[in-house]
Amino acid sequence: MTAKAERVRRIGWYAALVVASLVTVLGVSLLFAAIRNDSAIEAELGQATAQVESVAFDRTIINYATPDGIMHSPANGVLYPSGLAAGQLVNIEYDVGDPELARVAGRSAANTLLPLGSMIFFTWLIAGPLLWWIRRQRLAYRRSLAESSA
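The rules we used
Residues numbered from 1 in each chain as written. Predicted model: local features only at pLDDT ≥ 70, side-chain atom pairs only at ≥ 80, totals over all residues. Heavy atoms only, no water. Buried < 20%, exposed > 50% of the residue type's maximum accessible area, 1.4 Å probe, protein only. Helix = DSSP H or I, 4+ residues; strand = E, 2+ residues; numbered from the N terminus. Pairing = 2+ DSSP bridges. Expected span 1.5 Å × (residues − 1). Contact = heavy atoms within 4.5 Å.

The name an unreviewed UniProt entry gives the protein chain is DUF3592 domain-containing protein, with Amycolatopsis roodepoortensis as the organism.

(A) Main features of the pairing of strand β5 (residues 98-104). Most of β5 is tucked away: five of the seven residues are buried. Here four bridges tie strand β4 (residues 89-95) to β5, and the two strands are oriented antiparallel to one another. When the bridges of β5 are listed, Ile92 appears paired with Val104. Hairpin connection of β4 to β5: two residues between the antiparallel strands.

(B) Summary view of helix α2 (residues 113-149). Here α2 spans 53 Å end to end across 37 residues, near enough to the 54 Å set by a 1.5 Å rise per residue. Within α2 the residues assigned to the buried category are Leu116, Ile120, Thr123, Ala127, Leu131, Ile134, Arg138 and Tyr141. As for α2, its buried residues are in contact with α1 (3-43).

(C) Main features of the pairing of strand β2 (residues 60-65). Sheet analysis places strand β1 (residues 45-55) next to β2, joined by five bridges and oriented antiparallel. Bridging across to β2, Ala50 finds its partner in Tyr64. Connecting β1 to the antiparallel partner β2 that follows it, the hairpin turn spans four residues. One ladder, built from two bridges, connects β2 with strand β3 (residues 71-72); its direction is antiparallel. Paired with Tyr64 across the two strands is His72, which belongs to β3. Hairpin connection of β2 to β3: five residues between the antiparallel strands, including Gly69 at a positive phi of 90°.

Below is the structure:
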């Protein structure tokens, strides 16, 4: 092993640690954002029946009317849309103060726990052994240096 290989391992160790940490922070931040959205909806709760217009990977677009007769179609889609299909009628809950913030009725931030928890778990399932292996290689290199200088 060379000093260059040691440097590459050190950089790899920090890179793996930073990536895994960022994924963890991102997951926790998404959970807190979902909780914040739910709190905003529950503070001024409105209910309506919406029609699902389109379902795509990144958003599910709905149309619904508020009691004042205005039609709304949230640009970012509806929160917690799993299992919805285009053309379906669905009960929603929305923030009366901001009708662009809507979620499927009966769903909450708890619906994000499994996907976010799985993402964090599998990230560390990969990063943990990788960090351990790199650390082990670095320690073996240091041991060989100490033995050769003695």
